[in-house]
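Fold and contact review
Chain by chain, the residues run as shown.
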Amino acid sequence: MARKTDIPSSYYGEPRKFDPAFRGPVHNRSCTDVVCCVIFIIGILGYIALGSVAWIHGDPRKVVFPTDSHGQFCGQQGTNNANKAILFYFNILRCASPSVLINLQCPTTQLCVSKCPDRFATYREMKRNYKNWEYYKQFCRPGFDNPDKPVDQVLRDEDCPSMIVPSRPFLQRCFPDFITRNGTLTVRNQRSFQDGDGVTRSVADLRDAANGIASLLDAKEVGMKIFEDYASSWYWILIGLVITMVVSLLFILLLRFTAGVLLWLVIFGVLAALGYGIWHCYWEFSSLRGNSDADVTLSQIGFQADFSIYLQLSQTWLVFMISLSVIEAIIIIILIFLRNRIRIAIALLKEGSRAIGYIMSTLFYPIITFFLLAICIAYWAMTAVFLSSSGDAVYKVMSTQSKCVYANQTCDPETFSQSSLPVACQGSQCAFAFYGGESLYHRYILLLQLCNLFLFLWLVNFTIALGQCTLAGAFASYYWALKKPQDIPPFPLFSSFGRAIRYHTGSLAFGALILAVVQFFRIGLEYLDHKLKGSHNAFTRFLLCCLKCCLWCLERFIKFMNRNAYIMIAIYGKNFCTSAKDALFLLMRNVVRVAVLDKVTDFLLFLGKLLISGSVGVLAFFFFTRKIPVIQEEVPSLNYYWVPLLTVIFGSYLVAHGFFNVYAMCVDTLFLCFLEDLETNDGSAARPFYMSNSLKNLFNKSNSRQPNIANGKPGSEKLTKAGKTRHR
């Protein structure tokens with residue numbers, strides 16, 4: 001078997017030949033991947049047509065407003081239900097689960113009301129005491145005002161509910177007002193009630209009919225408090241994000257002048273912060289250990305909206321201490337084994353900060369990407385809503401009799417009373433069930449939703465690809481300028497954006513299509529895994545896990561290859577496949593240094609993002625917990641201080657990620673250009689290197705003991721020496 005060092009130079013392709021006229025991104029280029037460009041344009045036009053069809057057939061009111069048994073919207077302005085925004089169920093005991101209620105398929109009459117009942121009552125009791133009739137009739141069918149009608153006929157025809165229970169609105173529907181007191185579930189302090197037939201029922205029957213509603217109501221209460229916290233603290237959250245943006249910008253600018261010192265300070269700063277966190281967690285754990293109230297486990301207390309409860313447990317601090325210790329150990333091991341590569345990565349980052357300093361407009365390009373992504377997400381969401389609300393009102397026979405053979409059959413409410421169904425099934429009615437239809441359009445709603453999802457993924461990946469190709473072209477213009485900044489062309493970012501749109505829409509769409517297909521199948525697997533979560537088949541779970549893992553790895557690899565292919569497209573203007581092949585061969589000819597250096601650079605940028613978001617998070621923690629004496633009076637009153645705190649931390653990380661993504665693209669572009677430079681030029685006056693001497697020397701020193709696979713000569717001491725040999 002041939003050794004790796006014996007691989008011939010042609011195995012990973014021949015290095016690019018020297019071109020004395022080459023001065024950066026090629027300007028004389030032609031359109032690439034035209035077929036895919038045409039397909040992409042057709043896909044966009046089809047997506048517009050899909051949205052138009054959904055707009056015509058859909059009605060978001062079907063999602064926003066609940067619908068009564070007659071197919072009328074509750075709370076819709078301009079109708080008789082304008083002041084009746086809540087849906088009331090005649091007999092909630094017939095409803096099996098909350099999903100049945102929310103989907104409006106509960107086999108009982110549903111009526112729009114202005115408010116929910118606030119007391120226990122039955123129709124039979126009301127008949128004995130007419131003074132409650134004025135209150136009770138508001139929950140009867142509109143227009144019914146005949147209390148003299150026999151009770152059995154009223155209940156059979158469902159003119160009025162057989163009973164009402166104290167309720168409160170949730171999701172614009174009346175649900176029993178459950179309250180847990182001393183571990184006992186009650187409704188208005190009662191544990192039992194009389195149903196419409198005079199039978200004493202337990203509140204547990206209501207709980208079974210509306211299983212899980214009590215916890216959902218608690219979640220709604222927490223949600224309202226969170227909304228209040230956002231309403232009172234949004235101004236300070238915005239200030240925190242602006243601070244993050246300024247700090248990220250200053251950090252990148254400082255890297256240009258103090259890259260080595262600043263990055264080592266970041267590394268040791270993160271280590272010091274983690275060390276302090278470990279010490280603080282140990283101190284808290286030691287002080288709480290032995291306290292009976294603090295020895296409760298996390299599983300015993302479950303989820304608590306007040307996070308300060310967790311901080312009173314010793315186990316919480318033990319988990320924090322172990323987690324931080326593991327992270328600290330991993331970072332130290334990485335630093336020990338990759339110390340030489342870190343020096344090269346720092347030099348690359350310094351060169352990247354210099355490039356960004358000359359092309360400052362690149363720092364603001366993520367705003368354009370964010371705007372385009374916001375349009376894609378909004379269009380996808382609106383199309384999905386209109387598609388899901390597409391359909392006509394479907395009415396079905398609902399009967400209280402279990403032996404009714406016509407139950408759940410489709411019916412027409414206008415002709416139902418004249419048909420034989422009411423006679424065959426006493427007490428049956430033609431009630432609204434759901435929105436749907438049997439037309440060709442309605443039968444393919446699911447397929448249209450899948451098309452909506454796939455085209456959304458395609459457009460999102462294309463938007464990201466456009467940003468990467470644009471930035472790569474701008475930074476490549478910087479690299480291939482021999483005299484910087486004199487030789488940098490004017491408006492490099494705008495020129496690169498124009499070339500990407502004019503010539504390479506098809507290539508970008510091709511790469512985005514490949515990635516969208518993989519992501520589409522990943523989403524399908526996740527959905528399938530969710531549906532089979534309760535399955536006890538170990539082999540099925542294992543197979544799904546393996547498939548998910550393989551698709552995840554494939555997606556990561558495609559993202560890596562697409563990113564480098566877009567760089568080559570921006571520089572040389574070739575089609576996607578050729579550019580991907582050239583990038584892959586270039587990287588494989590330098591596989592040893594690429595595999596490590598790429599991850600080391602990502603690691604350093606991650607530490608930078610972690611330090612910035614963590615610093616802003618610590619500042620936000622001291623602010624929202626009123627631990628800064630100077631501005632204590634400015635702190636808003638909050639229900640949960642962790643709401644704005646987590647928002648600031650997460651938002652700060654995203655803001656820093658946006659800035660550092662530009663930086664990462666810059667470093668990747670410069671690195672590929674550097675590899676091309678080493679293979680094409682020899683450092684002579686006729687073929688000078690374009691990269692700074694400090695980076696070239698560092699790179700050669702780190703590779704002095706490694707074989708140069710690109711030239712097929714094991715034991716090559718210097719890349720530059722190999723280059724000279726190749727160009728003789």
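Residues numbered from 1 in each chain as written. Predicted model: local features only at pLDDT ≥ 70, side-chain atom pairs only at ≥ 80, totals over all residues. Heavy atoms only, no water.

1. Section: the overall build of the chain
Short version of the rule: Each helix is a run of DSSP H or I of at least 4 residues and each strand a run of E of at least 2, with the numbering of both proceeding from the N terminus. Between buried and exposed lies partly exposed: a residue is buried under 20% and exposed over 50% of the maximum accessible area for its type, with that area taken using a 1.4 Å probe on protein chains only. By the convention used here, residues are in contact when the closest approach between their heavy atoms is within 4.5 Å. Here the open area of atoms and residues is found with the Shrake-Rupley method and a 1.4 Å probe, where only the protein chains shown may cover a residue.
When helices and strands are tallied, the chain shows 23 helices and twelve strands. Counting all 728 residues of the chain, 45% fall into the buried class. Long-range pairs, those at least 24 residues apart, make up 72% of the contacts in the chain with a sequence separation of at least 6. Here the chain has roughly 37,400 Å² of accessible surface; of this, 63% comes from carbon and sulfur atoms.

2. Regarding the pairing of strand β5 (residues 167–170)
Walk down a regular strand and you will see the side chains alternate between the two sheet faces. Basically, it comes down to this: Between any two strands, at least two bridges found by DSSP are needed for them to pair.
Pairing of β5 with strand β6 (residues 173–176), which is carried by four bridges, proceeds in the antiparallel orientation. Note on β6: the bridge partner recorded for Arg 168 is Phe 175. Hairpin geometry of β5 and β6 is characterised by an intervening segment of two residues between the two adjacent antiparallel strands and by a positive phi of about 55° at Leu 171.

3. Thoughts on helix α18 (residues 538–572)
Selection rule: Expected span of a helix: the number of residues minus one, times 1.5 Å.
The end-to-end C-alpha separation of α18 is 51 Å, in line with the 51 Å expected for 35 residues at 1.5 Å each. With its phi angle positive at about 75°, Gly 573 sits one or two positions after the end of α18.

4. Side note on the state of the cysteines
Heads up, the condition is: When two cysteine sulfur atoms are found within 2.5 Å, that pair is recorded as a disulfide.
Counted by the stated rule, this structure contains three disulfides. Take Cys 36: it sits in no disulfide, and the sulfur closest to it among the cysteines is that of Cys 37, at 7.9 Å.

5. A few points about the nonpolar core
Threshold: Residue types Ala, Val, Leu, Ile, Met, Phe, Trp, Tyr and Cys, when buried and joined through side-chain atoms within 4.5 Å, form a set referred to as a nonpolar core.
Ranked by internal contacts, the top residues of the largest apolar core, which has 95 residues, are Ile 331, Ile 356, Leu 508, Ile 571, Leu 604 and Tyr 663. If near-sequence neighbours (up to four positions away) are discounted, Leu 508 is found in contact with Phe 462, Ala 465, Leu 466, Cys 469, Ala 500 and Tyr 566. One finds Val 113, Tyr 123, Phe 139 and Cys 140 within the second-largest nonpolar core, a separate group that totals 21 residues.

6. So, the packing of aromatic side chains
Each pair of aromatic rings is reported with the distance of its centres and the angle of its planes. The condition that has to hold: Pairing of aromatic rings covers Phe, Tyr and Trp, the last through its six-membered ring, and needs centres within 6.5 Å; plane angles under 30 degrees mean stacked, over 60 mean edge-to-face, and all others mean tilted.
Scanning the entire structure with this criterion turns up 27 aromatic pairs. Consider the rings of Phe 88 and Phe 90, whose centres lie 6.1 Å apart with planes at 50°: the pair is tilted. Accessibility expressed as a relative area gives 4% for Phe 88, which makes it buried. Judged by relative accessible area, which is 3%, Phe 90 ranks as buried.

7. Considerations on the layout of surface pockets
What counts here: Each cavity reported here is a set of points on a 1 Å grid over the protein atoms alone in which a 1.4 Å probe fits but cannot get out, each pocket an open set with protein on both sides within 12 Å along at least five of seven lines, and each lining residue one with an atom within 4 Å of a point. Grid points are joined across faces, edges and corners, and a volume is the space filled by probe spheres set on the points. Classes in brief: Ala, Val, Leu, Ile, Met, Phe, Trp, Tyr, Cys and Pro nonpolar; Asp, Glu, Lys and Arg charged; the others, Gly included, polar.
Estimates place the volume of the second largest pocket at around 1,600 Å³. Lining the second largest pocket are 33 residues, and of these Phe 320, Leu 324, Val 618, Phe 621 and Ile 649 lie nearest its centre. When contributions to the lining of the second largest pocket are tallied by element, the ones reaching two or more residues are α8 (213–288), α10 (314–337), α20 (591–624) and α21 (642–680). Per element, the largest residue contribution to the lining of the second largest pocket is nine residues, and it comes from α20. Considering only residue class, the lining of the second largest pocket consists of 23 nonpolar, nine polar and one charged.

8. Observations regarding the environment of Ser 232
Within the secondary structure layout, Ser 232 lies in helix α8. Put simply, Ser 232 and Val 635 are 403 residues apart on the chain and 9.6 Å apart in space, counted from C-alpha to C-alpha. Those residues in contact with Ser 232, other than ones at most four positions away along the chain, are Pro 636, Ser 637 and Leu 638.

9. Quick look at a nonpolar patch on the surface
Counted only if it meets this: Residues with no salt bridge and a relative accessible area higher than 30% make up the patches, which join like charges within 9 Å and nonpolar side chains (Val, Leu, Ile, Met, Phe, Trp, Tyr) within 5 Å. A carboxyl oxygen of Asp or Glu within 4 Å of a side-chain nitrogen of Lys or Arg is what we treat as a salt bridge.
There is a patch of nonpolar side chains on the surface, built from Trp 234, Tyr 235, Leu 238, Val 242, Met 245, Val 246, Leu 250 and Leu 253 and spanning about 750 Å² of accessible area. Looking at Leu 253, the relative accessible area reads 31%, which means it is partly exposed.

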